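Coordinates in review
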Amino acid sequence: MTTTVFITRYWKIARRELAAWLLFALLLPGWAWAQATAEVAQLKVERTEEGVLLSTSVRFEVPPPVDEALAKGIPMYFVAEATLYQDRWYWYDKRVAGAQRHMRLSYQPLTRRWRLQVSSAPIGHSGLALGQTFETRDEALAAVQRISQWKIAEPVELEADARYNVDFRFRLDISQLPRPFQIGAVGQADWNISASRNQRLGATEGTK
């Protein structure tokens with residue numbers, strides 16, 4: 001291989017890597033902004049005789065594309081996840097328990113009412129889950145954003161003298177949207193509704 005050919009090939013590789021880094025730098029602010037579409041305004045974790053109970057309030061504005069899809073009768077799927085970890089100073093924290101809360105929010109144009117269905121497992125397009133009907137969009141969204149006394153662990157799963165922390169996550173699950181919406185939503189900040197927060201749980205007291 002001649003020196004000229006070697007330099008040419010090296011320059012092509014260097015240009016590709018430089019272009020990739022520049023693209024990353026340009027997209028990074030957009031990704032950071034996209035992750036800031038929601039926030040966990042309140043999070044309370046209690047250790048009771050019934051188990052570990054979680055109450056929270058998630059604050060977010062519904063982006064225009066999501067709002068338009070809902071108005072056309074396209075259901076939106078939200079997922080809340082809570083994972084309980086036991087503190088370990090010598091290794092990674094131990095996962096003790098976990099729970100999921102799946103919510104299917106839909107608008108019914110014929111009746112002009114909103115319906116929210118909640119399940120511990122993915123609801124799917126059949127919508128087979130217990131539900132509640134609301135007169136207005138704001139009432140339905142408030143039910144999505146607020147969770148009260150949600151049991152995420154049983155009493156037998158906790159040790160009396162151990163310390164724990166809870167990792168809470170909330171998101172709009174675009175994987176359950178119809179295929180055309182999934183394709184259009186990928187990489188779009190308006191479809192990224194997500195928030196997370198970690199909360200400590202005392203050995204014998206509720207939250208810290």
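These numbers come from a predicted model, not from an experiment. Going along each chain's sequence as written, the residues are numbered from 1 onward. For a predicted model such as this one, the threshold for reporting local features is a pLDDT of at least 70, and the threshold for listing and counting side-chain atom pairs is 80 or more; totals across whole chains, interfaces and linings nevertheless cover every residue. Excluded from the side-chain calculation are hydrogens and water; included are all heavy atoms of the structure.

What follows concerns helix 2 (residues 64–71). Three- or four-residue spacings in an α-helix give side chains the same orientation, since the helix completes a turn every 3.6 residues. Those residues of helix 2 that sit buried are Val66, Ala69 and Leu70. The buried residues of helix 2 occupy an angular sector of 100° when the element is viewed end-on, so they sit on one face. When a residue's accessible area, from a 1.4 Å probe over protein chains only, is under 20% of the maximum for its type it is buried; when over 50% it is exposed; and in between it is partly exposed. The helix and strand labels rest on DSSP assignments: H or I over at least four residues marks a helix, E over at least two residues marks a strand, and numbering proceeds from the N terminus. By arc we mean the arc of the directions from the helix axis to the C-beta atoms, nothing more.

Each patch is assembled from residues with relative accessible area greater than 30% and no salt bridge, linking like charges that lie within 9 Å and nonpolar side chains (Val, Leu, Ile, Met, Phe, Trp, Tyr) that lie within 5 Å. Under the convention used here, a 1.4 Å probe and the Shrake-Rupley method define accessible areas, while residue burial counts only the protein chains that appear. A carboxyl oxygen of Asp or Glu within 4 Å of a side-chain nitrogen of Lys or Arg is what we treat as a salt bridge. Together, Trp89, Tyr90, Trp91 and Tyr92 line one region of the surface with nonpolar side chains, adding up to about 700 Å² of accessible area. One can find Tyr92 in the loop between strand 3 (76–86) and strand 4 (94–108).

As summarised here, the arrangement of the 6 strands in space is 6-5-4-3-8-9, forming an open sheet in which the pairing is antiparallel. Sheet topology places strand 6 (131–134) and strand 9 (194–201) at the edges, where each strand pairs with a single neighbour. Strand-to-strand twist of the sheet, defined as the mean angle between neighbouring strand axes without regard to direction, takes the value 15°. At least two DSSP bridges between two strands are needed for those strands to be called paired. When strand 5 (residues 113–119) meets strand 6, the two strands line up antiparallel, connected through 4 bridges. Counterpart to Gln117 in the pairing with strand 6 is Gly131. Orientation is described by axes fitted as lines to C-alpha atoms, over the contacting stretch for helices, and by angles from 0 to 180 degrees between their N-to-C directions.

Working note: regular strand, side chains alternate between the two faces of the sheet. Two elements, strand 1 (residues 38–48) and strand 2 (residues 51–60), share 10 bridges in a ladder whose sense is antiparallel. The residue bridging Ala38 from the neighbouring strand is Phe60, located in strand 2. From the end of strand 1 to the start of strand 2, which pair antiparallel, there are 2 residues.

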